[in-house]
Amino acid sequence: MAAAPEHVDVLIVGAGLSGIAAGRYLRTRLPAKRFAILEARRAIGGTWDLFRYPGVRSDSDLATYAYAFKPWTRERTLASGEEILGYLRETVAEHGLERDIRLGHRVVRAAWSSADARWTVEVEVEPGDGGPPRRGRMTCGFLFCASGYYRYDEGHRPDLPGAERFAGTIVHPQHWPADLEWAGRRIVVIGSGATAVTLVPALAERAAHVTMLQRSPSYVLSIPSRDPIAARLRRLLGDRRAHALVRRRSIWQQSQVYRLSRRHPRLVRRVLRALARRELPPGYDVDTHFRPSYDPWDQRLCLVPDGDLFRAIREGRASVVTDRIATFTASGVRLASGAELPADLVVTATGLNLLAFGGIELVVDGAPVRLPDTLAYKGLMLSDVPSFAFMIGYTNASWTLKVDLVCGFLCRLLAHMDAHGHDACVAPRDRRDGPTRPLLDFQAGYVLRSLHRFPRQGDGPPWRLPMSHREDVAVLRDGPVDDGTLRFWRRGEAPPGGQAADRSTILAPSASSSASARSPSPGSTSTARTADVSTVTANPSRSASRAVFRTQ
Ligand SMILES: Cc1cc2nc3c(=O)[nH]c(=O)nc-3n(C[C@H](O)[C@H](O)[C@H](O)COP(=O)(O)OP(=O)(O)OC[C@H]3O[C@@H](n4cnc5c(N)ncnc54)[C@H](O)[C@@H]3O)c2cc1C
């Protein structure tokens with residue numbers, strides 16, 4: 001007889017910044033909870049392990065991008081990908097999370113049973129010896145999806161006419177070859193977002209020349225790379241107290257800039273233009289290359305430490321061209337204006353492909369969940385999807401600010417359920433609720449391309465995604481868990497509000513609808529066998545994890 005699948009109280013999907021935080025919060029606040037963190041890749045760190053392009057760094061200050069519970073003690077305001085990865089590894093080690101993280105475990109399907117008040121989760125496990133993945137299964141009382149927001153297997157690459165004729169190399173920053181040599185080469189970076197403005201000055205240090213080719217400009221703002229006040233406070237007050245103070249100051253400053261941008265966009269536009277102008281050579285065409293048509297914070301501002309992008313332009317090592325690609329030629333790119341950009345290397349910094357919940361197929365009591373038919377509850381649960389939470393960070397502030405709040409709320413929710421003997425919870429959607437809108441109110445192309453595959457948000461609380469740390473603090477940290485919307489029940493009881501009956505109108509039980517909520521699962525195999533998932537290894541210094549299978 002097959003052994004029962006391994007059961008944990010909480011199953012966390014993803015060992016990036018969010019999943020690691022979730023593990024740390026559970027370990028410190030609810031030490032009796034059994035949990036596991038399933039990570040599809042063979043390394044922890046998510047974004048900060050995947051992206052390896054030259055100069056890769058945060059574009060948030062580390063006062064807010066570091067966790068609330070672990071001070072950032074390094075000097076520089078923005079941090080390199082390597083430094084952030086080191087910080088995440090330290091967090092794992094400090095809280096003994098290695099034994100909870102299972103590398104090479106991709107969650108592909110999660111099915112909720114109201115009768116059992118638990119999820120059954122199907123996992124593809126890479127054996128670590130290069131062999132085909134096998135199917136495993138686990139169960140859990142609560143599922144927390146910390147799987148990020150984009151596809152790991154491919155970045156967004158727009159149609160590049162004539163690319164097959166190009167004799168040089170084309171790379172995407174998401175898959176930067178470790179041995180790619182760019183010194184002395186003529187490089188064109190296509191794009192104008194955070195990745196492009198990071199790459200251009202880094203490549204310009206050794207390239208013959210770097211051209212940033214953009215269809216339209218972004219707002220680029222120079223910020224100091226060091227924070228002398230933070231350094232002084234650390235010396236005076238120690239790391240912990242200084243971190244709390246500097247973090248609070250930074251949150252306040254950023255929210256003021258954001259608010260000012262939304263209330264007085266023309267004023268902020270003028271200021272940003274004047275600041276850019278000051279950094280650029282006399283006579284530079286600021287309006288063509290650095291004055292976007294949208295308002296500040298309709299898309300994320302691009303921050304550059306000590307104006308490194310502007311400096312590269314001033315010194316003639318880099319230039320910006322605002323135009324469209326007509327076609328690739330053998331030796332470079334021909335533009336719509338007729339101009340030619342000679343290139344040996346082209347970097348497509350053209351963005352990400354968004355993916356909701358790591359492409360996991362969600363099923364509730366036999367009915368596939370169609371994500372666009374769900375509403376986000378408090379920005380962390382889904383309507384009518386029981387005992388499930390997710391982590392999607394801010395688009396206008398550091399992702400981590402939300403991570404701390406969501407993980408704190410998750411612990412409060414679980415503690416509340418324990419205290420009252422509840423086994424499950426759900427935020428039922430009232431069909432009379434008002435109009436809905438896309439989950440993210442953000443105009444970036446990569447967001448707009450995929451938003452129709454994501455859950456939606458409602459007009460008012462608790463169905464609105466506020467994108468405001470202040471509002472989230474009031475609701476997630478200081479507000480009640482039992483707010484009148486969230487319903488709870490015990491195993492064996494009927495789910496509240498006739499859940500199962502209502503659900504048929506909410507969740508379309510068709511195979512095609514479930515497919516739309518699913519992503520292609522790289523490495524998936526139809527020959528996968530089903531086994532229980534057990535045993536852990538997550539030593540970031542070793543690439544292989546061990547997995548023990550009990551084949552059914
Ligand atoms: C280059 C770059 C720079 C960025 N800089 C900033 C910044 O400065 N400030 C900011 O606020 N945000 C920034 N972001 C956004 C960034 O992604 C978040 O800040 C943060 O790293 C997200 O962490 P996460 O753990 O939620 O997701 P991720 O880092 O994406 O990690 C998710 C993890 O889940 C795993 N996973 C996914 N699906 C599954 C599955 N089905 N089964 C098992 N595991 C799965 C993935 O393999 C991955 O390890 C940046 C993003 C990029 C790409």
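Now for a description of the structure that goes with this document. (Residues numbered from 1 in each chain as written. Predicted model: local features only at pLDDT ≥ 70, side-chain atom pairs only at ≥ 80, totals over all residues. Heavy atoms only, no water.)

Comments concerning helix 4 (residues 81–94)
Moving on, step 1. Between its terminal C-alpha atoms helix 4 stretches 20 Å, which fits the 20 Å expected from 14 residues at 1.5 Å a residue.
Moving on, step 2. Considered for burial, the residues of helix 4 that qualify are Gly81, Glu83, Ile84, Leu85, Tyr87, Leu88, Thr91 and Val92.
Moving on, step 3. Buried residues along helix 4 sit in contact with helix 1 (17–29), helix 2 (47–50), helix 3 (62–65) and strand 3 (101–102).
Moving on, step 4. Gly96 occupies a position one or two residues after helix 4 and carries a positive phi of about 60°. (Helix = DSSP H or I, 4+ residues; strand = E, 2+ residues; numbered from the N terminus. Expected span 1.5 Å × (residues − 1). Buried < 20%, exposed > 50% of the residue type's maximum accessible area, 1.4 Å probe, protein only. Contact = heavy atoms within 4.5 Å.)

Quick notes on the environment of Arg269
Moving on, step 1. Along the chain, the position of Arg269 falls in helix 8 (residues 265–279).
Moving on, step 2. Note: C-alpha distance between Arg269 and Tyr294 (25 residues apart in sequence) is 9.4 Å.
Moving on, step 3. Residues contacting Arg269, with those up to four places away along its chain left out, are Tyr219, Arg291, Pro292, Ser293, Tyr294, Asp295 and Pro296.

Details of helix 8
Moving on, step 1. The terminal C-alpha atoms of helix 8, which comprises 15 residues, lie 21 Å apart, in line with the 21 Å expected from a rise of 1.5 Å per residue.
Moving on, step 2. Within helix 8, the full set of buried residues consists of Pro265, Val268, Arg269, Leu272 and Ala276. The buried residues of helix 8 occupy one face: seen down the axis, they fall within an arc of 105°. Turned more than 90 degrees away from the buried face of helix 8, the exposed residues are Arg266, Arg270 and Arg278.
Moving on, step 3. Where helix 8 is buried, its residues meet strand 10 (220–223), helix 7 (239–263), helix 9 (286–290) and helix 10 (308–314). (Arc of directions from axis to C-beta.)

Describing the site of the ligand
Moving on, step 1. Residues in contact with the ligand amount to 33 residues; listed here are only the nearest, Ser18, Glu39, Asp59, Tyr65 and Tyr152.
Moving on, step 2. Taking Thr47, its side chain carries an N or O atom lying 2.8 Å from an oxygen atom of the ligand.
Moving on, step 3. At 2.6 Å, a backbone N or O of Asp59 approaches an oxygen atom of the ligand.
Moving on, step 4. For the ligand, whose accessible area on its own is 980 Å², the fraction buried by protein is 95%.
Moving on, step 5. Counting only elements with at least two residues in the shell around the ligand, the list comes to helix 1, helix 2 and strand 4 (105–113).
Moving on, step 6. Per-element tally for the shell around the ligand: the top contributor is strand 4, with three residues. (Near = heavy atom within 4 Å. Polar contact = N/O pair within 3.5 Å; in protein donor to acceptor, adjacent residues only side chain to side chain. Areas by Shrake-Rupley, 256 points an atom, 1.4 Å probe, with all protein chains shown as cover.)

Some remarks on the pairing of strand 16 (residues 345–348)
The side chains of a regular strand alternate between both faces of the sheet.
Moving on, step 1. The alternating pattern of strand 16 places Leu345 and Val347 on one face and Val346 and Thr348 on the opposite face, and all of these are buried.
Moving on, step 2. Note: strand 7 (residues 169–171) against strand 16, three bridges, orientation parallel. Residue pairing for strand 16: Val171 is matched across the bridge by Val347.
Moving on, step 3. Sheet topology note: the strand 8 (residues 186–190)/strand 16 ladder contains four bridges and is parallel. Following the sheet pairing, Ile190 is matched in strand 16 by Thr348. (Pairing = 2+ DSSP bridges.)

Thoughts on the sheet that holds strand 12 (residues 318–322)
Moving on, step 1. One open sheet accounts for five strands, arranged 7-16-8-9-12; its pairing is parallel. For this open sheet the edge positions go to strand 7 and strand 12, each flanked by a neighbour on one side alone. Neighbour-to-neighbour, the strand axes of the sheet open up by a mean angle of 20°, direction not taken into account.
Moving on, step 2. With five bridges connecting them, strand 9 (residues 209–214) and strand 12 associate as parallel partners. The residue of strand 12 that forms the bridge with Thr211 is Ser319.
Moving on, step 3. Running over the sheet, helix 5 (residues 194–204) touches strand 8, strand 9, strand 12 and strand 16 and is turned about 165° from strand 9. (Axes fitted to C-alpha atoms, helices over the stretch in contact; angles between N-to-C directions.)

Remarks on unusual backbone geometry
Moving on, step 1. In this model, Pro461 is joined to Pro462 through a cis peptide bond whose omega is 0°.
Moving on, step 2. In this fold, Pro462 is placed in the loop between strand 24 (456–457) and helix 13 (469–477).
Moving on, step 3. Of note, Ala117 is a non-glycine position whose phi angle comes to about 50°, a positive value.
Moving on, step 4. Its place among the elements puts Ala117 in the loop between strand 4 and strand 5 (118–125).
Moving on, step 5. By relative accessible area, which is 2% here, Ala117 ends up buried.

Some thoughts on the packing of aromatic side chains
Moving on, step 1. According to the stated counting rule, one finds 21 aromatic pairs in the structure shown.
Moving on, step 2. Seen in terms of ring centroids, Phe357 and Phe390 are 5.1 Å apart; in terms of plane orientation they differ by 55°. Their pairing is tilted. Remark: Phe390 occurs in strand 21 (residues 388–390) and Phe357 occurs in the loop between strand 16 and strand 17 (361–364); sequence separation between them is 33 residues. Both residues of the pair, Phe357 and Phe390, belong to the buried class.
Moving on, step 3. Cluster of aromatic residues (ring-pair linked, three or more members): Phe51, Tyr53, Tyr149, Tyr150, Tyr152 and Trp399.
Moving on, step 4. A cation sits over an aromatic face here: Arg24 above Tyr25, 4.8 Å from the ring centre.
Moving on, step 5. Across from the ring centre of Trp182, 4.3 Å away, lies the NZ or CZ of Arg206, which sits over that ring. (Phe/Tyr/Trp six-rings, centres within 6.5 Å; stacked < 30°, edge-to-face > 60°. Lys NZ or Arg CZ within 6 Å of the ring centre and 35° of its normal.)

Points about a nonpolar patch on the surface
Moving on, step 1. A cluster of nonpolar residues, Leu260, Leu267, Val271 and Leu275, forms a patch on the protein surface that exposes about 290 Å² of accessible area.
Moving on, step 2. Using a relative accessible area of 40% as the deciding quantity, one classes Leu260 as partly exposed. (Patch = residues over 30% accessible without salt bridge, like charges linked within 9 Å, V, L, I, M, F, W, Y side chains within 5 Å. Salt bridge = Lys/Arg side-chain N within 4 Å of Asp/Glu carboxyl O.)

Section: the packing of helix 1 against helix 11 (residues 399–420)
Moving on, step 1. Between helix 1 and helix 11, whose axes approach to 9 Å, the crossing angle comes to 40°. The pairing of helix 1 with helix 11 is recorded here as oblique in orientation. Crossing of helix 1 over helix 11 shows right-handed handedness. Facing helix 1, whose interface residues are Leu17, Ser18, Ala21, Ala22, Tyr25, Leu26 and Arg29, helix 11 presents Trp399, Thr400, Val403, Asp404, Cys407, Gly408, Cys411 and Leu414.
Moving on, step 2. Grouping the constituent residues of the contact of helix 1 with helix 11 by class yields ten nonpolar, three polar and two charged. (Parallel < 35°, antiparallel > 145°, perpendicular 65-115°, else oblique. Left-handed = near helix turned anticlockwise from the far one by under 90°. Nonpolar A, V, L, I, M, F, W, Y, C, P; charged D, E, K, R; others polar.)

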